Amino acid sequence: MPASMIRIDELRHEVDALVDQTSSAQELMRAMAKLLHNRMLKYNWVGFYMLEPGAQPPMLALGAFEGAMTPHTRIPLNEGICGAAASSGETVVVDDVNKDPRYLACSLETKSEIVVPIFVHGKVVGELDIDSHFPAAFTAEHQEFVQHCANLVGKKLEAASA
Ligand code: SME
């Protein structure tokens, strides 16, 4: 088994435990960003963008994050990898950000990126965005893991809105 899979398996338990250790979705997102950023060598910027309630046109606003400050604190849905993921409701993985014309640069060091939508009652409410200094960092195992993380946040938000 590749070392990266062992690490993902170990980290999955810690991420799952955060759900019960936190008392709100906000707190979960803060703790999750910190854990993923601290423990994964290739997760060099980890953050959440959430749809601003009622904004017209729809707008993603930067929420909890770990890593260098980004110039992109608000992103319209027709811009960036972030806008593409939120507007399609699909995970977007970019192995080489410099070859993707949609990419909005956050750091010159970023080589690859994954953005996973977060759903509440079947609707996109935000997304989990991770940037890596390594090219093609987000293999299928990572994609599945980051989707799991985003689902946990969606479930916690859903529980709060029930
Ligand atoms: N790269 C993103 C913008 C957000 S920063 O990576 C934090 C994009 O292209 O949408």
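Below is a short write-up of the structure. From a predicted model like this one, the values you see are computed outputs, not experimental measurements.

Strand pairs in the sheet, formed through backbone hydrogen bonds, run parallel or antiparallel to each other. One open sheet accounts for 6 strands, arranged E3-E2-E1-E6-E5-E4; its pairing is antiparallel. Sheet topology places strand E3 (74-76) and strand E4 (92-94) at the edges, where each strand pairs with a single neighbour. Strand-to-strand, the axes of this sheet are offset by a mean angle of 25 degrees, without reference to chain direction. Lying on the sheet, helix H2 (residues 25-39) is in contact with strand E1 (45-51), strand E2 (59-66) and strand E6 (123-132); it crosses E1 at an angle near 155 degrees. Contacts from helix H4 (residues 140-161) reach E1, E4, strand E5 (112-120) and E6, with the element oriented near 30 degrees to E5.

Let us look at the site of the ligand. If you check the shell around the ligand, you find 13 residues, and the closest are Ile81, Cys82, Leu104, Glu113 and Asp131. Within the backbone of Ile81, one N or O atom sits 2.9 Å away from an oxygen atom of the ligand. Asp131 is positioned such that a nitrogen or oxygen atom in its side chain is 2.8 Å from an oxygen atom of the ligand. Bound to the protein, the ligand loses 100% of the 310 Å² it would expose on its own. According to the grid-proximity analysis, the pocket containing the ligand is the largest cavity. Among the elements of the structure, E1, helix H3 (80-88) and E6 are those that each provide at least two residues to the shell around the ligand.

With that out of the way, let us pick up empty space enclosed by the protein. Applying the stated criterion to the full structure yields 2 cavities of 30 Å³ or more. Reported here for the largest cavity is a volume of approximately 100 Å³. Looking at the lining of the largest cavity, the elements that each hand over two or more residues are E1, H3 and E6. The element contributing the most residues to the lining of the largest cavity is H3, with 3 residues.

Tallied over the entire structure, the rule returns 3 aromatic pairs. Ring centres of Tyr43 and Phe138 lie 5.7 Å apart, and the angle between their planes is 45 degrees; on these two criteria the pair is classed as tilted. Of the two residues, Tyr43 is situated in the loop between H2 and E1 and Phe138 in the loop between E6 and H4; the sequence distance between them amounts to 95 residues. Each member of the pair, Tyr43 as well as Phe138, carries the same accessibility label: buried. By the ring-pair criterion, three or more aromatic residues cluster together here, those being Trp45, Tyr49 and Phe65.

The next point concerns the pairing of E2. Sheet topology note: the E1/E2 ladder contains 5 bridges and is antiparallel. Paired with Val46 across the two strands is Glu66, which belongs to E2. Direction of pairing for E2 relative to E3: antiparallel, over a ladder of 3 bridges. Its bridge partner being in E3, Met59 is matched across the sheet by Pro76.

What follows deals with the pairing of E5. Of all 9 residues in E5, 8 are buried; the element is thus mostly enclosed. Hairpin connection between E5 and E6: a loop of 2 residues separates the two successive antiparallel strands, and His121 in this loop has a positive phi of roughly 50 degrees.

Here we come to the environment of Asp100. Counting through the fold element by element, Asp100 comes out in the loop between E4 and E5. Since its relative accessible area comes to 13%, Asp100 is described here as buried. Spatially, the C-alpha atoms of Asp100 and Ala150 are 23 Å apart, while their sequence positions differ by 50 residues. Discounting residues that sit within four places of it in the chain, Asp100 has contacts with Ile81 and Val94. A distance of 2.8 Å separates polar atoms of two side chains, one belonging to Asp100 and the other to Arg102.

About the cut-offs
Residues numbered from 1 in each chain as written. Predicted model: local features only at pLDDT ≥ 70, side-chain atom pairs only at ≥ 80, totals over all residues. Heavy atoms only, no water. Pairing = 2+ DSSP bridges. Helix = DSSP H or I, 4+ residues; strand = E, 2+ residues; numbered from the N terminus. Axes fitted to C-alpha atoms, helices over the stretch in contact; angles between N-to-C directions. Contact = heavy atoms within 4.5 Å. Near = heavy atom within 4 Å. Polar contact = N/O pair within 3.5 Å; in protein donor to acceptor, adjacent residues only side chain to side chain. Areas by Shrake-Rupley, 256 points an atom, 1.4 Å probe, with all protein chains shown as cover. 1 Å grid on protein atoms, 1.4 Å probe; cavity = no way out; pocket = protein on both sides within 12 Å on 5 of 7 lines; lining within 4 Å. Sits in = over half its atoms within 2 Å of the grid points. Points joined across faces, edges and corners; volume = space filled by probe spheres on them. Phe/Tyr/Trp six-rings, centres within 6.5 Å; stacked < 30°, edge-to-face > 60°. Buried < 20%, exposed > 50% of the residue type's maximum accessible area, 1.4 Å probe, protein only.

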